[in-house]
Amino acid sequence: ADPRQTLKLISGRRSMASLSAGRRLFLQSRQQQQRWIQTTSKALADPSRYVTGVTLSDIESNPSLAAYFKANFPEWQSEDTITTRPIPTPPPPIDPLVALNIRPLSCQLRDPVKEEGSRACHRLRRNKLIPGLLYGSDPTKNILSIDHSSKVMIKTHWDDIFRETQRYKLHFENRVYELSVHDEEGNLVQDTPQLVVPRDVQWHPVKNLVICANYIRYYPGKPIKIPIKYINEEESPAMKRGGFIAPVSRTVECVVEEGVRIPEFVELECTGVRLKDVLRTERLIFPEGVKASHRVSDSTFLVGTVFGRRGDADDDK
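Attention here is on the structure that accompanies the text. Every value quoted in this text rests on a predicted model; they were computed, and no experiment measured them.

**A few points about the sheet that holds strand β3 (residues 152–157)**
Part 1 of the reasoning: The sheet built from 6 strands closes into a barrel, its strands ordered β1-β3-β2-β6-β5-β4 with mixed pairing. Across the sheet, the mean angle from the axis of one strand to that of its neighbour is 45 degrees, orientation sign disregarded.
Part 2 of the reasoning: Relative to β3, strand β1 (residues 103–109) runs antiparallel, the two sharing 2 bridges. Across the sheet, L109 pairs through a bridge with I154, a residue of β3.
Part 3 of the reasoning: Contacts from helix α5 (residues 118–126) reach β2 (129–135), β3 and β6 (210–217) within the one sheet, and its direction differs from that of β2 by about 120 degrees.

Here it is, written out as structure tokens:
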């Protein structure tokens, strides 16, 4: 016999044997899968997918309902594909700073010898560093403003200041930040991070950019100025006809309790406002846990006055 034909016959038998073995394994796995589907489909069959509110016990106790399902949904107990409700993923943990409406901010220590003075500050600004000062009291950390060490010379990167000013515009000075102070080696300075509020921010007269950013320490219960936002202007007979509010106070000094979210705005209710109305604190809506400071008097604090065309006043009459 030709040895070549013998080798072809042997290789053919091996390939057939391997093919039959693979086919056998495939059929066994397919049978196991079908068996698993049959057992689990009966256990996981959910009639409420077809008729809302129907359960397995309802079908077992009601023959007419069972006949209805058998006639209209014959495959409800023998589906090849079982769809189960996905397990909801738990929400990500909420950052306590985000919950209190406090944003992080970082800065570096400034050399009191080499980086003090006008020329040194101009040199820092050319390197995209904004000079400033961290000062103020914080009784929660035993820091007193009368202590000379409470005043810290710092410098903030221009990109961080530009990001915050572009996001909040002129309300940048009415926000609370968690300020982290780093030394030249990048290590955190003692007693930081601290809660601060930008104060006495100096702007370039032409470029409208920050050239000096100072920060005063903040702690819960310390008064903070919050911007005033007008709402429901379309419900005012005067303002919906072209009237406007001539503002006297654009912010109101408030006290926020500990653990309460610092609001972005304090809303001023404009419903029913007419011409020449004087708007005071009775129209301000303070969130829960936020109240006006003791320096805000109901009789002297003035938000603004409503003005407009005289023809509008005649129409209101």
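Once you've had a look at it, read on.
**Regarding the packing of aromatic side chains**
Part 1 of the reasoning: Taken as a whole, this structure holds 7 aromatic pairs when the rule is applied.
Part 2 of the reasoning: Taking the centre distance of 5.0 Å and the plane angle of 35 degrees together, the rings of Y50 and F73 count as tilted. Taken as a pair, Y50 in the loop between α1 (3–44) and α2 (56–61) and F73 in the loop between α3 (63–72) and α4 (96–99) lie far apart in primary sequence, 23 residues in all.
Part 3 of the reasoning: A residue is classified by how much of its surface remains accessible, and Y50, at 24% relative accessible area, is partly exposed.
Part 4 of the reasoning: The buried category is assigned to F73, whose relative accessible area is 18%.
Part 5 of the reasoning: The interplanar angle of 80 degrees and the centroid separation of 6.2 Å between the aromatic rings of Y68 and F69 together place this pair among those described as edge-to-face.

**Describing the side chain of E115**
Part 1 of the reasoning: As for its placement among the helices and strands, E115 is situated in the loop between β1 and α5.
Part 2 of the reasoning: Residue E115 is classed as buried on the basis of its relative accessible area, which comes to 17%.
Part 3 of the reasoning: Among the polar contacts listed, one links the side chain of E115 to the backbone nitrogen of D111, at a separation of 3.0 Å.
Part 4 of the reasoning: Apart from residues no more than four positions distant in its own chain, E115 is found in contact with L109, R110, A120, L124, M153 and K155.

**Quick look at the environment of R261**
Part 1 of the reasoning: Here R261 shows up in the loop between β9 (251–256) and β10 (266–269).
Part 2 of the reasoning: The partly exposed category is assigned to R261, whose relative accessible area is 44%.
Part 3 of the reasoning: Through-space distance from the C-alpha of R261 to that of I102 is 8.6 Å; in sequence the pair is 159 residues apart.
Part 4 of the reasoning: If sequence neighbours within four positions are ignored, R261 has contacts with V98, A99, L100, N101, V256 and V290.
Part 5 of the reasoning: Here V98 takes part through its backbone oxygen, which lies 3.1 Å from a polar atom of the side chain of R261.

**A short note on the pattern of salt bridges**
Part 1 of the reasoning: Counted under the stated rule, the structure contains 6 salt bridges.
Part 2 of the reasoning: Across the pair R163 and D160 runs a salt bridge whose closest N-O atoms are separated by 3.2 Å. One end of the pair, R163, and the other, D160, are both in helix α6 (residues 158–168), 3 residues apart, so they sit about a helical turn from each other.
Part 3 of the reasoning: Taking relative accessible area as the criterion, R163 reaches 37% and is therefore assigned partly exposed.
Part 4 of the reasoning: Residue D160 is classed as buried on the basis of its relative accessible area, which comes to 17%.
Part 5 of the reasoning: Residue R295 pairs with E253 through a salt bridge whose shortest N-O separation is 3.0 Å. Of this pair, R295 sits in the loop between β13 (290–292) and β14 (304–307) while E253 sits in strand β9; the two residues are 42 residues apart in sequence, bridging distant segments of the chain.
Part 6 of the reasoning: With relative accessibility at 16%, the residue E253 sits in the buried group.
Part 7 of the reasoning: Residues joined in a network through salt bridges with shared partners are R103, D160, R163 and E164.

The rules behind these values
Residues numbered from 1 in each chain as written. Predicted model: local features only at pLDDT ≥ 70, side-chain atom pairs only at ≥ 80, totals over all residues. Heavy atoms only, no water. Pairing = 2+ DSSP bridges. Helix = DSSP H or I, 4+ residues; strand = E, 2+ residues; numbered from the N terminus. Axes fitted to C-alpha atoms, helices over the stretch in contact; angles between N-to-C directions. Contact = heavy atoms within 4.5 Å. Phe/Tyr/Trp six-rings, centres within 6.5 Å; stacked < 30°, edge-to-face > 60°. Buried < 20%, exposed > 50% of the residue type's maximum accessible area, 1.4 Å probe, protein only. Polar contact = N/O pair within 3.5 Å; in protein donor to acceptor, adjacent residues only side chain to side chain. Salt bridge = Lys/Arg side-chain N within 4 Å of Asp/Glu carboxyl O.

Interpretation note: all reported values are geometric properties and have no functional meaning in isolation.
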